[in-house]
Amino acid sequence: MSIVKMKLATVHANADQFQDVLKRCVSYAEFHPEPAAHLINDDNGGKPLNDENVYNEYLNQLKNIGHSVGFELKAGPVSRSYDEAEIEAFIKEVNEQFAMIADTHELMTLTDNDEIALEKVRSYGFEAMHECQYISFGMGRLPAESFKKLSLIETPNFVVEELHKSGQYVWILYATSNTFVKEVRKCMESLFIEEIPIPRIDGKKILEQYKEKLTEVYSYCAYTSEIRKLYRYVMQVQDDYQLAGFVPANSAYQFVRLFDGLNVRVDLAQPETAPQLVPPTMLHNAWLFRPFEMFVEMYGLPNYQDLDPTPFVAVTFCLLFGIMFGDLGQGALLLIGGLLLEKWKHNRLAGIVGRAGLTSMIFGFLFGSVFGVETLLNPVHQSLFGVREKLFEVMDASATMPLLIGAVAIGAVLILMTMILNIYLNVKRKQMAEALFSQNGIAGFVFYGYIILFLIGMFMPKMLPFNPGSKPLMILFIGVPVVLFFLKEPLNGLMKGEGLTPHQGWGNFALEEVFEVLEIILSFVTNSLSYLRVGGFVLSHAGMMLVVMTLVKMTGNAGPVVFVLGNLFVMGLEGLIVGIQTLRLEYYEMFSRYFVGNGKKFTMISSENA
């Protein structure tokens, strides 16, 4: 149960080097920064940096310029720095140059085929074509049939070059003298030409001239904008610029070495030295338990001072899943498939499936089930356990009641275990009233534990050396806890020195607490009965496989196909349902008793988080 221990690291730099500190921190994966607002107080006289980010505005302007000419800007490595005056002058220059290109683009809506044709015209030079004094040029898209008719014109006053063609159209460039330009255009219109304006300037040529520097300036602005977003983490105390955050204790000195070569100071301290800060939670577990961190994170991370429930979740999840999905063959497939997917795809859910498959194999062996074949392991059971057929026949009518009682018994043990965890955690948090008087504290543990003993004494009296039904014991172990449930709030106030009288008065308090105590008692019953589903799904799984095996016998030669498909269907459907039900038991019957989940996630420094 491991929550990584943290150190509070504070980096002190001067005005010239705090940006270099930020740059190095961004490249370090194990540093969780704290906003300067959390550090500033009257004692240190700190103030936040001005985080106005003019570079973000430059980025937006550059993006708009690129978009206007169809050029997608992407940030790359930063080769040099620019001051604000240089950037503003460059933006003004490219705005003037690209404004003409943008105007041309707005007048033209070109298809891919149009672009291909226009690319061939570009070789003649757009500007040169428009500067001709005695010759006029035109470009357009003709229907293929109309293009054939051009050759039938006896005395053409123009020349035509074919640029591109598709199934239905031919793209042409034509030239004529200014004397015949109106006549030629009427001729082209009669042939149903779709004119494509020839641009007055070559936007692509201009874009090529600016593309490299445009990308360079954009990259610098993007990089600098990211750094500026991190200013919220820097506190200024006169000439001292401080960046504080948490690093794992085992890599704290590696973090210190990160700033070698800079004139900075790094102070390391225990988290307790800054009570206004909440240390983040980073989970670290052994390989066997690591995938189950996903379930913990889905519910909420534990507080830094609390207990990591991941190993407990791993053991109880696999135990309950294995009981409900007990099959040696199907469990082996889950084990192999899950572990392979975990290795290849780094998928935590697959890792959970693989580990649950192991306990599925164990209980499948105990139940004597291999891909739904219930007799295959009988000789092994007879040899190992000395039984007549097999150790436990799930579908036998006589096994149903022991199975359901066993499921409730497992639930009772798990409920008691979660109460012990809750007592430990509340003592650790110094919440003594919760540890002593709550339904999941010592009072609840005594009450529920004695109820279990009472039921054992009622149905199996020889197992206990005393009579749990005696009045003194009933008063002590059932009556007293109920009274403590009722008086938890006044006793909590008394322990805090706030007095015994409830804040809402004894009348309202008594009315509310009567129903509260009834709800507590009923919740013990419903929580215990909730574990009946464990036994129910054992029967459900066995019943579904019985249906599959019956179909195998009925389908004759197609039996092997039905056998494979039936097993895959049961693994998919039953595996999903059992997984959901097991997770429900984890969250609603166990987590709700001891786990708060109010921890803060360990998040590395980045502009996105800023």
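What this report covers is the structure whose coordinates are included nearby.

Secondary structure summary: the chain contains 23 helices and ten strands in total. Seen along its three principal axes, the alpha-carbon backbone of the chain occupies a region of about 125 × 85 × 55 Å. Among the 610 residues that make up the chain, the fraction classed as buried is 44%. Contacts in the chain between residues far apart in sequence, at least 24 positions, make up 77% of those at least 6 positions apart. When the accessible surface of the chain is summed, it comes to about 32,700 Å², and 61% of that surface belongs to carbon and sulfur atoms.

Moving on, we get to the environment of Leu529. Among the structural elements, Leu529 can be located in helix 21 (residues 506-530). A sequence separation of 288 residues divides Leu529 from Tyr241, and the C-alpha atoms of the two residues are 60 Å apart.

Once that is clear, we can look at the nonpolar core. In this structure, Phe292, Phe295, Phe317, Val534 and Tyr594 are the most contacted members of the largest nonpolar core, which totals 69 residues. Ignoring anything within four residues of it in the chain, the contact list for Tyr594 reads Pro309, Phe312, Val313, Thr418, Leu421, Asn422, Leu425 and Arg429. By size, the runner-up hydrophobic cluster in this structure holds 24 residues, among which are Phe18, Leu22, Ile227 and Leu243.

In this section: the packing of helix 22 (residues 532-554) against helix 23 (residues 559-594). For the pair helix 22 and helix 23, interaxial distance at closest approach is 9 Å and the crossing angle is 170 degrees. In terms of their interaxial angle, helix 22 and helix 23 are classed as roughly antiparallel. Of the residues that constitute the contact of helix 22 with helix 23, the class distribution is 16 nonpolar, six polar and three charged.

This paragraph deals with the sheet that holds strand 4 (residues 135-143). The strand order across the open sheet formed by four strands is 5-6-4-7, and the pairing between neighbours is antiparallel. Since the sheet does not close on itself, it has two edges, and those belong to strand 5 (158-165) and strand 7 (194-195), each with one partner. Relative to strand 6 (residues 169-177), strand 5 runs antiparallel, the two being bridged by seven bridges. The partner of His164 across the bridge, within strand 6, is Trp171.

So, about the environment of Cys221. You can see Cys221 is positioned in helix 9 (residues 203-229). The sequence separation of Cys221 and Glu84 amounts to 137 residues, and the corresponding C-alpha distance is 9.7 Å. If sequence neighbours within four positions are ignored, Cys221 has contacts with Tyr55, Tyr58, Leu59, Leu62 and Ile87.

One pass over the full model with this rule turns up 15 salt bridges. For Arg265, the salt bridge is made with Asp267, and the minimal N-O distance between the two is 3.2 Å. Residue classification places Arg265 among the partly exposed positions, given a relative accessible area of 46%. Here Glu589 makes a salt bridge to Arg584, at a shortest N to O gap of 3.0 Å. Judged by relative accessible area, Glu589 falls into the buried class, the value being 3%. Arg584 sits in the partly exposed class, given a relative accessible area of 28%. One network of salt bridges, in which partners are shared, links Asp114, Arg141 and Glu194.

Quick look at the environment of Leu539 now. Mapping Leu539 onto the fold places it in helix 22. Distance in space between the C-alpha atoms of Leu539 and Thr400 is 8.0 Å, their sequence separation being 139 residues. In contact with Leu539, other than residues within four places in its own chain, are Val394, Met395, Thr400 and Leu403.

The next thing to look at is the packing of aromatic side chains. Evaluation of the coordinates by the stated rule reveals 33 aromatic pairs. An angle of 20 degrees between the planes, with centres 5.1 Å apart, marks the rings of Tyr450 and Phe477 as stacked. Placement of the pair is Tyr450 in helix 18 (residues 442-459) and Phe477 in helix 19 (residues 471-486), with a sequence separation of 27 residues. The partly exposed category is assigned to Phe477, whose relative accessible area is 28%. An aromatic cluster is defined as three or more aromatic residues linked by ring pairs; in this entry it consists of Tyr299, Phe312, Tyr587, Phe591, Tyr594 and Phe595. Looking at Lys5, its charged tip hangs above the ring of Tyr304, at a distance of 5.7 Å from the centre. Cation over ring: Arg141 sits above Tyr169, and NZ or CZ is 5.7 Å from the ring centre.

Moving on to the side chain of Glu589. Mapped onto the elements of the fold, Glu589 is located in helix 23. A polar contact is formed between the side chain of Glu589 and the side chain of Ser530, at a distance of 3.1 Å. Apart from the residues lying within four places of it in its own chain, the contact partners of Glu589 are Asn527, Ser530, Tyr531 and Arg584.

Taken together, the side chains of Leu455, Met458, Phe459, Met460 and Met463 present a nonpolar region at the surface, about 550 Å² in accessible area. As for its placement among the helices and strands, Met458 is situated in helix 18.

A word on helix 16 (residues 397-428). Helix length check: helix 16 (32 residues) gives 48 Å between terminal C-alpha atoms against 46 Å at 1.5 Å per residue, within 8%. At the C-terminal side of helix 16, Lys430 shows a positive phi close to 65 degrees.

Looking now at the packing of helix 21 against helix 23. In contact at an axis separation of 11 Å, helix 21 and helix 23 are set at 145 degrees when each is read in the N-to-C sense. The hand of the helix 21/helix 23 crossing is left-handed. Residue-level contacts link Phe524, Asn527 and Ser530 of helix 21 to Arg584, Leu585, Glu589 and Arg593 of helix 23.

What follows concerns unusual backbone geometry. Here the phi dihedral of Phe192 falls at roughly 65 degrees; this positive angle occurs in a residue that is not glycine. As for its placement among the helices and strands, Phe192 is situated in the loop between helix 8 (181-190) and strand 7. What makes Phe192 exposed here is its relative accessible area of 60%.

To continue, consider helix 14 (residues 348-367). With 20 residues, helix 14 ought to run about 28 Å at 1.5 Å a step, and its terminal C-alpha atoms sit 28 Å apart, in line with that. All of the buried residues along helix 14 are Ala350, Gly351, Ile352, Gly354, Arg355, Ala356, Gly357, Thr359, Ser360, Phe363, Gly364 and Phe367. In this fold, the buried residues of helix 14 make contact with helix 11 (293-299), helix 12 (310-324), helix 13 (328-345), helix 15 (378-385) and helix 22. Capping of helix 14 at its N-terminal end is provided by Asn347; its side-chain oxygen lies 2.9 Å from the backbone amide nitrogen of Leu349. Of the residues trailing helix 14, Gly368 is marked for its positive phi of about 75 degrees.

The next subject is the pairing of strand 6. Counted residue by residue, strand 6 has seven buried out of nine residues, so it is predominantly covered. When strand 4 meets strand 6, the two strands line up antiparallel, connected through nine bridges. For Phe137, the partnering residue across the bridge sits in strand 6 and is Ala175.

Reading guide: rules and limits
- Along each chain, residues carry numbers from 1 onward, in the same order as the chain's sequence is written.
- Since the coordinates come from a predicted model, pLDDT governs what is reported: local features require at least 70, and pairs of side-chain atoms require 80 or more to be given and counted, while whole-chain, interface and lining totals use all residues.
- Working from all heavy atoms in the structure, the side-chain values ignore hydrogens and water.
- For the purposes of this entry, the term helix denotes a DSSP run of H or I that reaches at least four residues, the term strand denotes a run of E that reaches at least two, and both are numbered from the N terminus.
- Residue burial is assigned from relative accessible area. The probe radius is 1.4 Å, only protein chains are included, and a residue is buried under 20% of its type maximum, exposed over 50%, and partly exposed in between.
- Contacts were defined at the residue level, with two residues in contact if any of their heavy atoms lie within 4.5 Å.
- Here the accessible surface of atoms and residues is derived via Shrake-Rupley with a 1.4 Å probe, and residues count as covered only by protein chains that are part of the display.
- In these notes, a set of buried Ala, Val, Leu, Ile, Met, Phe, Trp, Tyr and Cys residues joined through side-chain atoms within 4.5 Å is what counts as a nonpolar core.
- Between N-to-C directions, angles cover 0 to 180 degrees, with each direction set by a line fitted to C-alpha atoms, over the stretch in contact for helices.
- Here is the rule for angles: anything less than 35 degrees is roughly parallel, anything more than 145 is roughly antiparallel, 65 through 115 is roughly perpendicular, and the remaining ranges are oblique.
- When residue character is reported, Ala, Val, Leu, Ile, Met, Phe, Trp, Tyr, Cys and Pro are called nonpolar, Asp, Glu, Lys and Arg charged, and the others, Gly included, polar.
- Two strands make a pair as long as DSSP finds a minimum of two bridges between them.
- One side-chain nitrogen of Lys or Arg within 4 Å of one carboxyl oxygen of Asp or Glu is enough to make a salt bridge.
- Working definition: a ring pair exists when centres of Phe, Tyr or Trp rings (six-membered ring for Trp) sit within 6.5 Å. Plane angles under 30 degrees give stacked, over 60 give edge-to-face, the rest tilted.
- By definition, being over a ring means that NZ of Lys or CZ of Arg is both within 6 Å of the ring centre and within 35 degrees of the ring normal.
- What qualifies as a polar contact is a pair of N or O atoms within 3.5 Å, subject to a donor-acceptor requirement within protein and to the restriction that residues adjacent in sequence count only when both atoms come from side chains.
- Patch membership needs two things, relative accessible area over 30% and no salt bridge, and members are linked within 9 Å if like-charged or within 5 Å if nonpolar (Val, Leu, Ile, Met, Phe, Trp, Tyr).
- How far a helix is expected to stretch is found by multiplying one less than its residue total by 1.5 Å.
- For a crossing to be left-handed, the near helix must be turned anticlockwise from the far one by less than a right angle; the clockwise case is right-handed.

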